[in-house]
Amino acid sequence: VASPLAAEGGEAGEGERGEGLRERWRALDGSLRRLLSTWFDQGLLNLEPLSWETSPAGLLGRVMQYERVHPFTGGWPDLQRRLGGGDADGASEGGAAGRYNRMFALTHPRMPGEATDNR
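The present account deals with the structure reproduced in this document. (Residues numbered from 1 in each chain as written. Predicted model: local features only at pLDDT ≥ 70, side-chain atom pairs only at ≥ 80, totals over all residues. Heavy atoms only, no water.)

### What about the environment of L83?
- Among the structural elements, L83 can be located in helix α4 (residues 75-83).
- Judged by its relative accessible area of 14%, L83 is buried.
- In the structure, L83 is positioned 32 residues away from S51 in sequence and 6.0 Å away in space, judged by C-alpha atoms. (Helix = DSSP H or I, 4+ residues; strand = E, 2+ residues; numbered from the N terminus. Buried < 20%, exposed > 50% of the residue type's maximum accessible area, 1.4 Å probe, protein only.)

As C-alpha cells, then:
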C-alpha cells in the first residue's frame, strides 16, 4: 500500500519536498480537528433519557460497554435493574431498584441511536 506522501512524488524525509508535504499534512490535521470539534460540540448534542422499554438495545449495549464511573458488572440484568424496568432480579417497573435511577446518553442529531463517548 503506497503512502499518501508517495502520491505527491516522495516520501517524508526527502528534503524540502518532504518538509513541504509534512506542513500540508499538519495544516489538514488542524483543519479536520477544528471541523470535528465544531460538529461534535457539546452544544449540538442531545441529552436523551434511557429506559429499558423504549431505548434501542444497541444504544443500551454501548452505554454498558463504555460506562467507566459505575461499570456494569452484571451485564443486561444489571442494566435492567438500574433502569427499573421488567423483572430483573425481582425488581418490578418503578420498584425500589430503579425508582430513583435516571440514565441519559448524549447523542448527535446526525447519528441517532449512537451514544457519544465524552471522556
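### Observations concerning the packing of aromatic side chains
- Taken as a whole, this structure holds one aromatic pair when the rule is applied.
- With a centroid separation of 6.3 Å and an interplanar angle of 65°, the aromatic rings of W52 and W76 are classed as edge-to-face. With a gap of 24 residues between them, W52 in the loop between β1 (46-49) and α3 (57-66) and W76 in helix α4 connect regions that are remote in the sequence.
- Looking at W52, the relative accessible area reads 26%, which means it is partly exposed.
- Between the NZ or CZ atom of R82 and the centre of the ring of F72, over which it lies, the distance is 4.0 Å. (Phe/Tyr/Trp six-rings, centres within 6.5 Å; stacked < 30°, edge-to-face > 60°. Lys NZ or Arg CZ within 6 Å of the ring centre and 35° of its normal.)

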